Amino acid sequence: MSFVSLNFVIFVAVAAGAYFLCPAKYRWGILLAASQFFYLLTSPHTYVFLLFTTITTFCGGIFIERQTECYKNFVKEHKEELDRKQKKEWKARYDRKKRRILLAVLLLNLGILAFVKYFKVYLNTLSRLLELESISFEAGILIPLGISFYTFQSLGYLIDIYREQYKADRNPLKFALFVSWFPQIIQGPISRYDQLAEQLYEPHFFQYERVKFGIQLMMWGWFKKLVVADRVAVFVNQVFDRYTEYTGFYAILGVIGYTIQIYGDFSGGMDIARGVSQIFGIDLTLNFKRPYFATNIPEFWRRWHITLGAWCRDYIFYPISLSKFFGKLGKSSRKLLGDRIGKLVPVIFAQLITFFVIGIWHGAEFKYTAYGLYQAVFIIGGILFEPFIIRLTELLRINTKAFSWRLFQISRTFILIVIGRFFSRGTSFTAALWMMKHSFDLNPGIFFNGDIFTLGLTPKDFILLGFCLVFWIIISVIQECGYSVRQLIAQQNAVFRWMIYLAGIFAVMVFGVYGIGYDAGSFIYRGF
Amino acid sequence: MWKEKKNRWIPIRCLIVMAVFVILLTILGKLFTPYYIQDTDQNRTFYKTEKNTVDVLIAGSSTLLVGLSPLELWENYGIVSHTRASTIQAPPITWLNIKEAYRYQKPEVVVMGVTCLFIDYDYDKYEPYLRRGLDFKKLSADKLKAVYEVVKRSDSQHMADYIFPLLRYHDRWKELQWTDIYNLQYRHDFMHGQYPIYRTEKIEARDRVDETVKPEKENEDSWSFYKEIIEYCRAQGSEVIVVNMPDDRWTYGRYLTAKELTESCGATYIDFNTEELLNETEIDWDRDFYDPRHLNPVGAQKTTRYLGEYLIENYPELPRNQCSSKTADIFNRDLLEYKNELNEFEKQLISEN
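Residues numbered from 1 in each chain as written. Chains lettered and ligands numbered in written order. Predicted model: local features only at pLDDT ≥ 70, side-chain atom pairs only at ≥ 80, totals over all residues.

What follows covers the interface of chain A and chain B. At the junction of the two partners, chain A supplies 15 residues and chain B supplies 19 residues. When residues of the side of chain A that touches chain B are assigned to their parent elements, the largest contribution, seven residues, is made by helix α20 (residues 494-511) of chain A. Counted by class, the side of chain A that touches chain B contains eleven nonpolar, three polar and one charged residues. (Contact = placed C-beta atoms within 7 Å. Helix = DSSP H or I, 4+ residues; strand = E, 2+ residues; numbered from the N terminus. Nonpolar A, V, L, I, M, F, W, Y, C, P; charged D, E, K, R; others polar.)

Here you go:
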């Protein structure tokens, strides 16, 4: 069931009705039933994978916690007999047990993730290595819906239990709800247990304003997805799928288009997910914060797919950079490279590994690894050259507080992001490089001889797209200034307010790209 | 929840907005739905036709759309008839056309085509034709049932698209012109459902009857609809005549099956492709077709005359003369217009010869 289908609207309406009519005590049960039903309806053949992750992480959490409790009880019982050193030894012994459980569950779940996501690529690589050129594994195996998202979310929970950040969930059904909460299972956000679980379990009561805001957020998501992203996708697909025919400005237009498309598609999906959750009284974590207003790449990653970035920071970057090995590496690097650079070596390595993981999280193809490393290069470059850039701006007497400087930074970051999109959207790594190279083929004539309209969009589509983008930018600027657009609308008089709502609904219905001949149902991040 | 005074208005306000939303959705749906002379006007004219005046109802696919003339029946036999046919008409739509017609008319005879009896109808491929058959029908339980039957057999279509056509035609915002507003107005279909094509194509006549051929297997899904229609019409007190119009692709095996099936339900079967009827109607393969499967108005005159004679001979109640003078005037005026067009065509044929 797609987020942009009428069936989904009906499903949400029925689920919300059942939720608010149900006795408060059992409301979480409605959410669980709705989530399981949604998954079974959308991807019945892969339900078993979801079930497996739920059971293993639930049990893993309890077993890990049991070790922690055992240690505490043991210390309590033998308080008198144990000295500090012995306590440490016993703790290490229990920690080893905990680590073993953690590693087993991690390996099981990450193994499944790697197997189902990368199986086809492995086989094809193997067949190439063994020179079995005639064999290609096109079919692969069915990728479970949302596996990257619910696996990361569940493992995050498990690691937090290991770190004793909170208690393990003792109710398997409630935990199943945390893993499978239907608005977020397809494409995130990757929520944290301590932020989401309690909201899911406690009953929420009908609040008109909240429901209204939720619906508005869903409408905004549909606008971004159906009116903008899916319209841009028409020419983006044309350019990237037949990239050898579309060079120069076609390629530039295609990659800029894809930069807009992926943002509209992904953040639109997030808005729908957050809107649906809001109807039920649940606030999902913000996953996008106007990323194309970022002034540098690190800031971009703090605004783009925030929950994945935060997950990688907490569970990959920090554990690596703060590990004993990298601590030693830092010390020896300082001796070799001096204090400033040496201190940065563990950070640089941790960044490289983190972005490598972010790359392969998107897919097994080398283009995704290249995409991750491309981002890492700019982040590391930024860290290394920061003092020089500061010095340079001082030398050139640049007012870094001025709007023009900020605009320059935003434009520069946007261009770097756009270039990176060649990797993530290109049909392969070599195709991406080919497209980059041939972006310099000059063909400005396409804007004047009508060739641009052979990409599948009519002049009216381009005009509409222009209007929508300007509208979207205006809304984003208002939000960036700290205003809530929904609150601003809510302050207006009823007739005007409802005129805006109706205009919004009909704008999506009329200008949306959906129906026969279009594949509006699929979201890009649903495939990751 | 609604205890506060301010909050009490919320449900009422929501209902008002919902009503406005549905009204706008309906109006925009009508505006965005493409206009077809053949389908839009045919349906609208049928709804405007004086109640309980139609003696003979004609329903089916394009062969009947072009091959039988209500105005010829009026001119020569005084029979009031209306055609509810459309291109590649799917069985559920024929079912709807006839079932719905009984809410407005009480026809003595229903003339029905069974073109899809031997076709495995592709409900995805023929979506545009399904739309043309359904879009201009008034919303009713029968329409919803027909839509349900169509959607059930299709992978790409949804009930909501038929109930709210805006969901299907929203992409037409790029094509909309001022004439689309004009097309919302009622325009009288002076042919009363027939859609004549004034063109001639010479068809190579072939030896058509091979007595050794066995009956061809019918499509069971299609037949279930046709059977239900025949039974329904008979239950309403109407006689059913199943006709097969002259057709280049006709086979004797199909004839045998269609005849057996329709007669088993108590309907009459008239096949214009048999040697006997081809001779009797004097169908001319050189002049009377505009393509191998469809008659032009000259050919339609011949088949209609045969049908008229048959109706008068076999149904003494016809014509029932139930229409008011106003309806008779409309038919007479339409007849003049039709005759003008036909004369022009005949002149053109003579000059070409």
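Below, the discussion takes up the pairing of strand β3 (residues 109-113) of chain B. Residues and elements named next belong to chain B. Within β3, five of the five residues are buried, which leaves the element mostly enclosed by the surrounding structure. Side-chain alternation along β3 places V109, V111 and G113 on one buried face and V110 and M112 on a second face that is also buried. Across four bridges, the pairing between strand β1 (residues 56-60) and β3 is parallel. What sits directly across from L57, in β3, is V110. For β3 and strand β4 (residues 239-244), the ladder comprises five bridges, and the chain directions are parallel. Each residue of the ladder has a partner; that of V111, found in β4, is I241. (Buried ≥ 20, exposed ≤ 12 C-beta atoms within 10 Å, placed from the backbone. Pairing = 2+ DSSP bridges.)

The next thing to look at is the packing of helix α6 (residues 172-180) of chain A against helix α8 (residues 193-201) of chain A. All names here are of chain A. Between α6 and α8, the shortest axis-to-axis distance is 10 Å and the interhelical angle comes to 120°. Relative to α8, α6 is oriented so that their crossing is right-handed. Packed against α6, whose contacting residues are K174, L177 and F178, the element α8 presents Y193, L196, A197, L200 and Y201 at the interface. Partitioning the contact of α6 with α8 into residue classes produces seven nonpolar, no polar and one charged. (Axes fitted to C-alpha atoms, helices over the stretch in contact; angles between N-to-C directions. Left-handed = near helix turned anticlockwise from the far one by under 90°.)

What follows is about the domain arrangement of chain A. One widely used convention gives an interface's size as the accessible area the parts lose upon coming together. Residue and element names in this part refer to chain A. Once the domains are mapped, chain A shows domain 1 (6-203), domain 2 (207-288 + 426-528) and domain 3 (301-418). If you look at the interface, domain 2 gives twelve residues, while domain 3 gives 13 residues. Listed by contribution, the elements that provide at least two residues to the side of domain 2 that touches domain 3 are α10 (249-279) and α17 (429-438). Among the elements that make up the side of domain 2 that touches domain 3, the one with the highest residue count is α10 (three residues). A class-by-class count of the residues in the side of domain 2 that touches domain 3 yields seven nonpolar, five polar and no charged. (Domains from an automatic or database assignment.)

This next bit is on unusual backbone geometry. Cis geometry is found at the peptide bond from G188(A) to P189(A), where omega equals 5°. Relative to the assigned elements, P189(A) resides in the loop between α7 (182-185) and α8. With omega at -10°, the peptide bond leading from L318(B) into P319(B) counts as cis. The residue P319(B) is located in the loop between α14 (297-314) and α15 (325-352) in this model. Of note in this structure, R290(A) is not a glycine but carries a positive phi near 45°. Relative to the elements of secondary structure, R290(A) occurs in the loop between α10 and α11 (297-303). The exposure class of R290(A) is partly exposed, given the 16 C-beta atoms found within 10 Å. One non-glycine residue with positive phi stands out, namely E282(B), at about 60°. As for its placement among the helices and strands, E282(B) is situated in the loop between α13 (275-281) and β6 (289-291). Taking the C-beta count within 10 Å as the criterion, E282(B) has 11 such neighbours and is therefore assigned exposed.

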